[in-house]
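# Fold and contact review
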Amino acid sequence: MVSIGYNSLLVLCGALVLGALCGLVGSFIYLRKNTLISDATSHATLPGIGIGFLVAFALGWEQGRHLPTLLAGAALTGALAAFTIGWMQRNTRLNNDVAVGAVLSVFYGAGIVLLSIIQRLENASQAALDSFLLGQIAGISIGDIYLILILCAVTIICTLLLLKELTLLCFDEEFAHTTGMSVSKVDIALICLMLGVVCVGLRMVGLILILALLIIPPVTARLWTDKLSNMLWLSSAIGGLCALTGAYLSASIEHLPAGAAIVLCAAALFFPSALFRRHAA
Amino acid sequence: MSDIFWSIDFPALLIAMLAALACSLPGSFLVLRRESMMADALSHVVLPGLALAFILTGSLGSGVMFIGALLACLVATLLIKVLREYAGIESGAAMGIVFTSLFALGLVLLEKGVGSRVHLDAHHALYGGLELSYWPLPHTWNNIPHAIISLSILNVLSIAFIWLCLKELTLASFDSVYAQTIGLRRSLISAALMILVALSAVACFEAVGSVLVIALFICPAASARMFCDRVHTQLILSAVLAVFMAVIGYVAAAFVPALLGFEHSLSAAGMIALVGGIILGTSILCAPVYGVLQKRK
Amino acid sequence: MSILPFHVQNLSLHYGGQSAEALSDINWSAPAGQLSAIIGPNGAGKSTLFKAAMGLLNAQKGQVQFFGENLDDVRGQVSYMPQRTAVDWDFPVNALDVATMGLYAQIGWLKRIKRTHKEQAMAALERVKMADHAHKQIGALSGGQQQRVFLARALAQNADLYLMDEPFAGIDAKTQDLIIDIFHALKAAGKTVIVVHHDLHSAEGIFDEVLLLNKRVIAHGAASEVLSETHLKTAYSAHG
């Protein structure tokens, strides 16, 4: 039996909770057919991370690598991206896919420009920013883990509070509307939850691959069940399991990016499911 | 002009312009067919293709790399199609699953299979390597960067394809049901277009990186959509805007910081995408008929 | 003309995953040189019949023959006008471009559009009184005008058999009269026209032959006979 230190245990715990959270929120995103918005939003956090870094660096916090500031920046530009996509859909002749693709690449481009500025700063620990692209388990500090756990807990509580509304929204939008529920407000709440999940996942999974953790567990769960409540817990279980396994593998095998390990675990569950359960969908 | 310009900036500028042109042409059809996100998916899938090609052949030759990446794109397209049509998974989710899984696979292959033995890393995919192009003086055909050659060939190919199939592409994109009833094999047209997109994504990957390729595919075409009501004007305007975006983006990244007194240049690929966004934003707001400001009046 | 322009034999079709048949053992031939209507309640399989005939859906059993041949051999002679479809109305094509599409098969794949083709398309637009709007983007036209442009596309094809799916859906009275005039002109020119139609009351005045359909053939024959009380009751009662 390999003994696991307290820190590693906390990291694995963080991965488990994060994965479960992704599975839960991702289920609603999938049922609302909104998966691509999460793709754009997660890529769009990059300029926010850059801005957060510059702010923290200017203020002299941890040479710029101050997780709360970075995540606040990420949430800011992520939200701006989600809003821009919605605005483009409502006000222009451009279709949803164009809005998503354009916002995704332009925000990401802005982020890359900011990173090229940060690279030139002296005394900045800019190398750590790479971990936000592909996720990294090694070198994650205890303070960061506490922050991730707290944010996960907040997002889970918010999701559970909205469970009834979200279920209704995904189940029957028109009926939801007749009950007097504001469909658009619940949709915005769902986007906010998604944004929360993306930000929490940046450190461990990375912004390129967090999308996978939001999509693959729900789709896999959907292949096995038709019932929403079953899908929710199954998807959370799959997400948690994949994140846990992936994080463990990444921590024990050198140079294995955490995000990639987690996604490959999820893919290893998904593809056989799709093969054997294709009639279920 | 200095030697540095001709050996570094000139080839980079040329590559940026050729890449922009190569992506904008199929990009218009992706935008019109509501398939823009295929650009996203395919550009990510290039990475595992490169890694696998190297692991299987042990060669870093551009031909091998190109074929590997192209095959990966085709496999991804097929996988997406299978998930959509046979497993009944919604198309956005199907794309997301396929490209994230393959991208993750590519990362792991790069880290574990290729290792640090050779210069092939995820850095390119994420940041682009426009700054690395180098054409030593004196310029000859022998030392020309191979990206200039491959992108030129690609542009000739895609212009020829679109010139030949303009009417078929238009019909299949506008009304695929009718196209089928008059005997046009729409699956053939879609496949040809996807191959063109894959070729462009692969050829431009090295220059601008996978995420920013998406900007080249979508931003010029989407900007042109705000102005144009005919397919050929759409194609021409989006090509012009693409080249414009590449030039302005590169200049803004390479020369403007120096003019402002900064020592270092900025990421050219990132700046090109950013300029694409500014062009698109301006078009959305100010286009004469379909612009938001015009509609508000 | 002795050869049947549109001949359905034992056609049965069910959608994937559903056990109930959408069409069950359909046998029918449209009379040559006449105006025929296919009538039936919603979900009776009227459009499905056309889609199966045009090869857009695969039938499990039976076949449809055009002029005694398979569709692939006589595509040029058959013109199909889909239901006011889910085309992208923002697509960058104008009315003339759409009408020209009717000529594409005739022009030949990978060949370029010539001025004479544009002139033919323009003539088709004139027949539906849309020549003045030829250069307008398709989405800038009203619903009735759009329908006329799609009719022009079908006419440009200069076929011998016209299959039209709900051409009267959601259009103005003026366009409706114009379409009926075109039908009569086509009939006078010896063409066969088959229309999926939903309005029982107007059917008798317009069409010669009627096929009453509700997943199976309820009745067919001269319009006045088929549209009798008993037949309609069978077709529109709840059994389907």
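Residues numbered from 1 in each chain as written. Chains lettered and ligands numbered in written order. Predicted model: local features only at pLDDT ≥ 70, side-chain atom pairs only at ≥ 80, totals over all residues.

### Quick word on the overall build of chain C
When you go through chain C residue by residue, the secondary structure sums to ten helices and nine strands. The principal-axis extent of the C-alpha atoms belonging to chain C is close to 50 × 40 × 35 Å. Relative to its 240 residues, chain C shows a buried fraction of 42%. Considering only contacts in chain C between residues 6 or more positions apart, those separated by 24 or more positions represent 68%. (Helix = DSSP H or I, 4+ residues; strand = E, 2+ residues; numbered from the N terminus. Buried ≥ 20, exposed ≤ 12 C-beta atoms within 10 Å, placed from the backbone. Contact = placed C-beta atoms within 7 Å.)

### Points about the overall build of chain A
In terms of regular secondary structure, chain A is built from 13 helices and zero strands. Listed N to C, the secondary structure of chain A is α-α-α-α-α-α-α-α-α-α-α-α-α in terms of helices and strands. For chain A, whose C-alpha radius of gyration is 19 Å, the value lies close to the compact-globule estimate of 19 Å for 281 residues. With the C-alpha coordinates of chain A rotated into their principal frame, the extents come out at 55 × 55 × 30 Å. Taking all 281 residues of chain A together, the buried fraction comes to 57%. (Rg over C-alpha atoms; globule rule 2.2 N^0.38 Å.)

### Observations regarding the sheet that holds strand β1 (residues 6-13) of chain C
All names here are of chain C. Taken together, the three strands give an open sheet; going across it, the order is β2-β1-β4, and neighbouring strands pair in antiparallel fashion. Both edges of this open sheet fall to β2 (23-30) and β4 (61-65), since each of them pairs with a single strand only. The sheet shows a mean angle of 10° between the axes of neighbouring strands, taken without regard to direction. Here β1 runs beside β2; their pairing, made up of five bridges, is antiparallel. By the bridge assignment, F6 is partnered in β2 with A30. (Pairing = 2+ DSSP bridges. Axes fitted to C-alpha atoms, helices over the stretch in contact; angles between N-to-C directions.)

### Points about the interface of chain A and chain B
With 49 residues of chain A in contact, the opposing surface of chain B contributes 51 residues. Elements represented by at least two residues in the side of chain A that touches chain B include exactly α2 (35-43), α4 (67-91), α5 (96-118), α6 (130-134), α11 (210-224) and α13 (258-276) of chain A. If you tally residues by element for the side of chain A that touches chain B, the top one is α5 of chain A, at 15 residues. Taken together, the residues of the side of chain A that touches chain B sort by class into 32 nonpolar, eleven polar and six charged. (Nonpolar A, V, L, I, M, F, W, Y, C, P; charged D, E, K, R; others polar.)

### Some words on unusual backbone geometry
A cis amide bond links L137 of chain B with the next residue in sequence, P138 of chain B, at an omega value of -10°. Considering the arrangement of structural elements, one finds P138 of chain B in the loop between α5 (122-127) and α6 (146-174). In this model, R34 of chain B sits at a positive phi of 60°, which is unusual for a non-glycine residue. By the element assignment, R34 of chain B lies in the loop between α1 (3-32) and α2 (37-57). Exposure remark for R34 of chain B: the 15 C-beta atoms within 10 Å place this residue in the partly exposed category. Of note, K129 of chain C is a non-glycine position whose phi angle comes to about 60°, a positive value. Turning to its location among the elements, K129 of chain C is positioned in the loop between α5 (115-127) and α6 (143-156).

### A look at α2 of chain B
Helical geometry note: an α-helix holds 3.6 residues per turn, so side chains three or four residues apart project in the same direction. The first and last C-alpha atoms of α2 of chain B sit 31 Å apart over 21 residues, in line with the 30 Å expected at 1.5 Å per residue. Of all 21 residues in α2 of chain B, 18 are buried, a share of seventy percent or more. (Expected span 1.5 Å × (residues − 1).)

### Some thoughts on the nonpolar core
Residues and elements named next belong to chain B. In this structure, A16, A19 and I272 are the most contacted members of the largest nonpolar core, which totals 297 residues. Considering every element that reaches this core, the biggest residue donor is α1, with 16 residues. What A19 contacts, discounting residues up to four positions off in sequence, is L151, C204, A207, V208 and L216. (Core = buried A, V, L, I, M, F, W, Y, C linked by C-beta atoms within 7 Å.)

### Things to note about the environment of A20 of chain B
All names here are of chain B. Note on placement: A20 falls in helix α1. With 32 C-beta atoms counted inside 10 Å, the residue A20 sits in the buried group. With 221 residues separating them in the primary sequence, A20 and L241 have C-alpha atoms 9.0 Å apart. With residues near it in sequence (within four places) discarded, A20 still touches L216, A242, V243, M245 and A246.

### Here we look at the confidence of the model for chain C
The predicted model of chain C has a mean per-residue pLDDT of 89, with 97% of residues at 70 or higher. We note a pTM of 0.91 for the whole complex and an ipTM of 0.93 for its interfaces. (pLDDT = per-residue confidence, 0-100.)

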